[in-house]
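What follows is the residue order along each chain.
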Amino acid sequence: MEDSTIQDLTLLNSPVDQISHLAVDIGGSLIKMVYFSTNREKSVDKTQNNSSKDNLLSGRLYFLMFETSKINECLDFISSKQLHCRGVQHHGFPASDKNTIKATGGGAFKFADLFKEKLGISLDKVDEMSSLVSGANFLIKSVPSEAFTYVNGQRNYEQIDHNDLYPYLLVNIGSGVSMIKVDGDGKYERVSGTSVGGGTFWGLGKLLTKCKSFDDLLEMSHQGNNRVIDMLVGDIYGGSDYLKIGLTSTAIASSFGKAVSEDKELEEYRPEDVARSLLRMISNNIGQIAYLNALRFGLKKIFFGGFFIRGHAYTMDTISVAVDFWSKGEAKAMFLRHEGFLGALGAFTNYQLVEEFPCTAGHYNRNPLVEDLNDNGIIECCLRASN
């Protein structure tokens, strides 16, 4: 192969890929990971790039998730796949990268010693809020068809004008919720938040339904009917709307309100209905608080991220309806396909290696190393290694 192109790279135990540059976001409930894997089937011509000092590696960004309570399973997986020590050892990538990975979230501090003990690596800690903002900006500006609205059961992908992106409100729904006003690259302020978030849904759901996992709880909610437990406006007004203040008969007047007047024990309610009511309550609350903060700062664009959403139709619909209702149609909720990986992506960009997207981004292939990967699109891109 000519000197002007990247040579093929071979990964030990893999005929195709070489893995490098792992970044992790260790939250209170979930661990999110992003890593880059080169593809030896493709090469990039350096002569097409402006700088002869830059070496481009063609490959993909992959996305993984583990429960924080099962961090040892996560560490075992990293070790078994050697994600932490397969750094590219030539083409300008420094060997020191093999002993350090980028990390963000509170767990980057809490579990630093465990990573050192189990894997022999140090965590280069990246500020959590900074990572969220960097990850969101990276996706919105660099990945086609990343942002979308959810209306009447349909995803409508948005073409974001980069010249009119800022300011916007970023609502990251993790264990808790952070609301960040973003004014530009590296320009942001956490303006609000709430402790009622994904951890609340999961925690209360586990207590009330005996579910075994977050995904089980979401599936339960999909099968449930919140009207069995929630008190609606129609329940108070004899089936009628209260149009004078803009409330339909189906609007929720009180989440879980029917449980007050019914002589029932918890076991007499279907777990699916409880899960549905809980999801509706938390999603409505987040949507309303988000809009009130957008109103406070005069923001029209609200992006929602975090693993609470998980592309779940009912969650997105509830948040969208809440924002539309309280804003009287003036604001809209927008979601991101890689919603749960903002922090991990932001930490990854601190390697300062992401260069461009030569191929169609967001292919919905499955990660060959992980069979139960959630439906988050694999991003094809190039990394730059500066000599």
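Residues numbered from 1 in each chain as written. Predicted model: local features only at pLDDT ≥ 70, side-chain atom pairs only at ≥ 80, totals over all residues. Heavy atoms only, no water.

Participant: Please clarify how unusual backbone geometry should be interpreted in this entry.
Facilitator: A negative phi holds for most residues other than glycine; trans holds for most peptide bonds. Here tyrosine 166 and proline 167 are connected by a cis peptide whose omega angle stands at -5°. As for its placement among the helices and strands, proline 167 is situated in the loop between strand 7 (154-157) and strand 8 (168-173). The backbone phi angle of lysine 210 is positive, close to 65°, even though this residue is not glycine. Note that lysine 210 resides in the loop between helix 5 (198-209) and helix 6 (214-222). (Helix = DSSP H or I, 4+ residues; strand = E, 2+ residues; numbered from the N terminus.)

Participant: Would you mind going over the environment of lysine 206 with me for this structure?
Facilitator: As for its position among the elements, lysine 206 is in helix 5. Separated by 10 residues in the primary sequence, lysine 206 and aspartate 216 have C-alpha atoms spaced 9.8 Å apart.

Participant: Would you take a moment to explain the packing of helix 5 against helix 9 (residues 271-297) for this structure?
Facilitator: Think of two packed helices as two axes; the pair is described by the angle between the axes and how far apart they sit. The contact between helix 5 and helix 9 brings their axes to 10 Å, and the two run at 160°. Comparing the axis directions of helix 5 and helix 9 gives the class roughly antiparallel. Remark: the crossing between helix 5 and helix 9 carries right-handed chirality. Between helix 5 and helix 9, the residues in contact are Thr200, Phe201, Leu204, Gly205, Leu208 and Thr209 and Pro271, Val274, Ala275, Leu278, Leu279 and Ile282, respectively. Its residues assigned to classes, the contact of helix 5 with helix 9 comprises nine nonpolar, three polar and no charged. (Axes fitted to C-alpha atoms, helices over the stretch in contact; angles between N-to-C directions. Parallel < 35°, antiparallel > 145°, perpendicular 65-115°, else oblique. Left-handed = near helix turned anticlockwise from the far one by under 90°. Contact = heavy atoms within 4.5 Å. Nonpolar A, V, L, I, M, F, W, Y, C, P; charged D, E, K, R; others polar.)

Participant: So what exactly am I meant to see when it comes to a negative patch on the surface here?
Facilitator: A surface patch of like charges, here negative, comprises Asp263, Glu265, Glu267 and Glu268. Along the polypeptide, glutamate 268 turns up in the loop between helix 8 (258-261) and helix 9. (Patch = residues over 30% accessible without salt bridge, like charges linked within 9 Å, V, L, I, M, F, W, Y side chains within 5 Å. Areas by Shrake-Rupley, 256 points an atom, 1.4 Å probe, with all protein chains shown as cover. Salt bridge = Lys/Arg side-chain N within 4 Å of Asp/Glu carboxyl O. Lys, Arg positive; Asp, Glu negative; His and termini not counted. Charge placed at Lys NZ, Arg CZ, Asp CG, Glu CD.)

Participant: Would you explain the nonpolar core in this entry?
Facilitator: The biggest cluster of nonpolar side chains holds 97 residues, and the ones touching the most others in it are Met33, Leu61, Phe115, Val171, Phe303 and Phe304. Sort the elements by how many residues they give to this core and helix 9 lands first, with eight residues. Per-domain counts for this core show at least three residues from each of domain 1 (2-128 + 340-384) and domain 2 (147-196 + 283-336). (Core = buried A, V, L, I, M, F, W, Y, C linked by side-chain atoms within 4.5 Å. Buried < 20%, exposed > 50% of the residue type's maximum accessible area, 1.4 Å probe, protein only. Domains from an automatic or database assignment.)

Participant: What should I look at first to understand the layout of surface pockets in this one?
Facilitator: The gaps of empty space that remain are located by a probe, the size of a water molecule, rolled over the atoms. Considering only enclosed or pocket space, the largest pocket measures out at about 780 Å³ in volume. Taken together, 33 residues make up the lining of the largest pocket; nearest its centre are Ala251, Ile252, Arg280, Asn284 and Val321. Tallied by class, residues from the lining of the largest pocket come to 18 nonpolar, 11 polar and four charged. (1 Å grid on protein atoms, 1.4 Å probe; cavity = no way out; pocket = protein on both sides within 12 Å on 5 of 7 lines; lining within 4 Å. Points joined across faces, edges and corners; volume = space filled by probe spheres on them.)

Participant: Could you clarify how one ought to interpret the packing of helix 6 against helix 9 in this entry?
Facilitator: Contact geometry of helix 6 with helix 9 gives a least axis separation of 7 Å together with a crossing angle of 100°. Compared by their axis directions, helix 6 and helix 9 come out roughly perpendicular. Listed contacts from helix 9 to Leu217, Leu218, Met220, Ser221 and His222 of helix 6 are Pro271, Glu272, Ala275, Arg276 and Leu279. Looking at the contact of helix 6 with helix 9 residue by residue, the classes come out as six nonpolar, two polar and two charged.

Participant: Just checking my understanding: could you explain the sheet that holds strand 13 (residues 301-305) for this structure?
Facilitator: Neighbouring strands of a sheet are bound in pairs by backbone hydrogen bonds; such pairs are parallel or else antiparallel. Read from one edge of the open sheet, seven strands run 7-6-14-13-8-9-10, paired in mixed fashion. Strand pairing shows two members of the sheet lacking a second neighbour, strand 7 and strand 10 (187-194), which therefore form its edges. Along the sheet, successive strands turn relative to each other by an average axial angle of 30°, direction set aside. Relative to strand 10, strand 9 (residues 177-184) runs antiparallel, the two being bridged by seven bridges. Residue valine 182 lies in a different strand from strand 10, and its bridge partner there is tyrosine 188. (Pairing = 2+ DSSP bridges.)

Participant: Teacher, can you tell me more about the packing of aromatic side chains here?
Facilitator: How two aromatic rings sit relative to each other is set out by the distance from centre to centre and by the angle between their planes. Here the structure, examined in full by the defined rule, presents 15 aromatic pairs. Considering the side-chain rings of phenylalanine 201 and phenylalanine 308, the 5.8 Å spacing of their centres and the 85° angle between planes classify their relative orientation as edge-to-face. Pair noted here: phenylalanine 201 is in helix 5 and phenylalanine 308 is in the loop between strand 13 and helix 10 (313-327), with a separation of 107 residues, a long-range link. Ring geometry for phenylalanine 325 and tryptophan 326: centres 5.1 Å apart, planes at 85°, overall edge-to-face. Exposure remark for phenylalanine 325: the relative accessible area of 38% places this residue in the partly exposed category. Residue tryptophan 326 is classed as partly exposed on the basis of its relative accessible area, which comes to 39%. By the ring-pair criterion, three or more aromatic residues cluster together here, those being Phe148, Tyr157, Phe304 and Phe335. The ring of phenylalanine 109 carries the charged tip of lysine 125 above its face, separated from the ring centre by 5.6 Å. The positively charged end of arginine 276 is found above the aromatic ring belonging to tyrosine 314, 3.5 Å away from the centroid. (Phe/Tyr/Trp six-rings, centres within 6.5 Å; stacked < 30°, edge-to-face > 60°. Lys NZ or Arg CZ within 6 Å of the ring centre and 35° of its normal.)

Participant: Would you mind showing me how to read helix 5 here?
Facilitator: Since there are 3.6 residues in each turn of an α-helix, residues three or four apart along the chain are aligned in direction. Between its terminal C-alpha atoms helix 5 stretches 16 Å, which fits the 16 Å expected from 12 residues at 1.5 Å a residue. The set of residues buried in helix 5 consists of Gly198, Phe201, Trp202, Gly205 and Thr209. Across the axial projection of helix 5, the buried residues extend over an arc of 90°, all falling on one side. A positive backbone phi angle near 65° is found at lysine 210, which sits one or two residues after helix 5. (Expected span 1.5 Å × (residues − 1). Arc of directions from axis to C-beta.)

Participant: Any chance you could explain the pairing of strand 6 (residues 147-151) here in plain terms?
Facilitator: Two faces belong to every sheet, and in a regular strand the side chains alternate between them. Counting buried positions along strand 6 gives four out of five residues, so the element sits mostly inside the fold. Here strand 6 folds back onto strand 7 in antiparallel fashion, the turn holding two residues, of which asparagine 152 has a positive phi close to 50°.

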